[in-house]
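Observations on the three-dimensional arrangement
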Amino acid sequence: MASRAFITGTSGLVLNDVEREFIRAERPWGFILFKRNIETPAQVSALVAELRAAVGDADAPVLIDQEGGRVQRLGPPHWPAYPPGASFAALYDIDPKLGLTAAWLASRLIAADLADLGITVDCLPLADVPVAGADAVIGNRAYGTEPGKGAAIARAVTRGLEQGGVLPVLKHIPGHGRATADSHFRLPAVETAKAELERTDFAAFQPLADLPMAMTAHVVFSALDPAHPATTSATIIEQVIRGLIGFQGLLMSDDVSMNALAGSIAERTRAIVSAGCDVILHCNGNIDEMRGVARETPELTGQALERASRALAARKPPEPFDRQSARAELDALLNRVGTA
């Protein structure tokens, strides 16, 4: 039976009966975990297995935002703390090889943590290019303020995840770095000219256009579409994300429940589908909202299904890896910039 083109969160550490029946009936393509879903390794592994059993697909993708720094759903005492992306940028400025090595080590270690739990997708890397005066929602999560450096570090992060058997999700395409508001709370508008966006923000994503999945930015780019954020803009998806950047993988929305988007959950979902996103992401575990998303989400068919299938087929078994020595090497590198 075909999946519906959405990814859903759930409310707690285990599935309740209502959620289990919702998943069985509505057949989401995948799932996403947050801190409210996480307690111990055994509990997370059991929840992952329970989600897949409920949807009847042993290979259903399970996602998480495990970047390091401020955005890390798995953390102490059961999982290590990881540095923010800016640490790799600082090392890169000392020696590019050191920055790329640290980025690879951190993401390879993260992938090992996730693989232990059965989590197969990490919403990482970022290619956002922050600028002075922008909201701190990106801030030190980014790999610096120069597009080429950011793309190079993002590629190293991607390589570490993929070698650990975890699929990457490129975010937040076509760029969240200039936003002067946190899109969790309100809609940011970027007034920058198209030529400058192409030179900076969009340029950071172009070398990463071959990644299997990407997540959109809830950001208005006034020079391209003053009426809609990228997530609901057919113009930006067709002309910039698919066109100028050249991304041809599975395109998922950022969280449909974020306050940057206007209208009801149903209206937001319809707008995202109409704009050309392949998959809707809904995160907060609110069952009424989950039902609203499901009612407005089509089955995964056509090009969207082809992209989803290609994305999942890109995941390879983990390569051999010495976790202990890798952590020691990462810590030694981070000590050089005082971030250990």
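Let us look at the structure shown here. Numbering of residues begins from 1 in every chain and follows the order in which that chain's sequence is written. Owing to the predicted nature of the model, reporting of local features is limited to residues with pLDDT of at least 70; listing and counting of side-chain atom pairs is limited to 80 or more, with chain, interface and lining totals taken over all residues. Side-chain measures were taken over the full set of non-hydrogen atoms in the model, leaving aside hydrogen atoms and water.

Let's talk about the overall build of the protein chain
Inclusion rule: Think of it this way: any DSSP run of H or I at least four residues long counts as a helix, any run of E at least two long counts as a strand, and we number them from the N terminus. For a compact globule the rule gives 2.2 Å times the number of residues to the power 0.38, and the radius of gyration it is set against comes from C-alpha atoms. Exposed residues in this analysis have more than 50% of their type's maximum accessible area, buried residues have under 20%, and partly exposed residues fall in between, with area computed by a 1.4 Å probe over protein chains only. By definition, residues are in contact when any of their heavy atoms lie within 4.5 Å. The method behind every accessible area is Shrake-Rupley, applied with a 1.4 Å probe, and residues are considered shielded solely by the protein chains displayed. Charge assignment in this entry is limited to Lys and Arg as positive and Asp and Glu as negative, and neither His nor the chain termini are counted. For this purpose, a charge sits on NZ of Lys, CZ of Arg, CG of Asp or CD of Glu.
Looking only at helices and strands, one finds twelve helices and twelve strands in the protein chain. Relative to a compact globule of 340 residues, whose C-alpha radius of gyration would be 20 Å, the protein chain shows 19 Å and is just as compact. For the protein chain, the C-alpha atoms occupy an extent of roughly 50 × 50 × 30 Å along the three principal directions. Burial status across the protein chain gives 57% buried among its 340 residues. Put simply, of all contacts in the protein chain between residues at least 6 apart along the chain, 76% involve residues at least 24 apart. Element-wise, carbon and sulfur atoms account for 52% of the exposed surface of the protein chain, whose accessible area totals about 13000 Å². Considering the protein chain, the positive charge centre built from 32 side chains and the negative charge centre built from 40 side chains are found 1 Å apart.

Let's talk about the side chain of His176
Within the secondary structure, His176 sits in the loop between strand S7 (167–173) and strand S8 (189–190). Setting aside residues up to four positions removed in sequence, His176 forms contacts with Asp128, Val137, Ile138, Ala181, Ser183, Pro188, Ala217 and Val219.

Structural notes on the pairing of strand S12 (residues 279–282)
Threshold: Think of it this way: DSSP has to see at least two bridges between two strands before they count as a pair. With the strands pointing away from the viewer, any crossover whose connection runs clockwise from the first strand over the helix to the second is right-handed.
A two-sided burial pattern is seen for S12, the buried positions comprising Val279 and Leu281 on one face and Ile280 and His282 on the other. As paired strands, strand S1 (residues 4–8) and S12 are joined by three bridges and run parallel to one another. When the sheet's bridge partners are listed, Phe6 is paired in S12 with Ile280. With two bridges joining them, strand S11 (residues 250–255) and S12 adopt parallel strand pairing. In the strand pairing of S12, Asp255 is matched with Leu281. Viewed along the sheet, the connection from S11 through helix H9 (residues 265–275) into S12 turns out right-handed.

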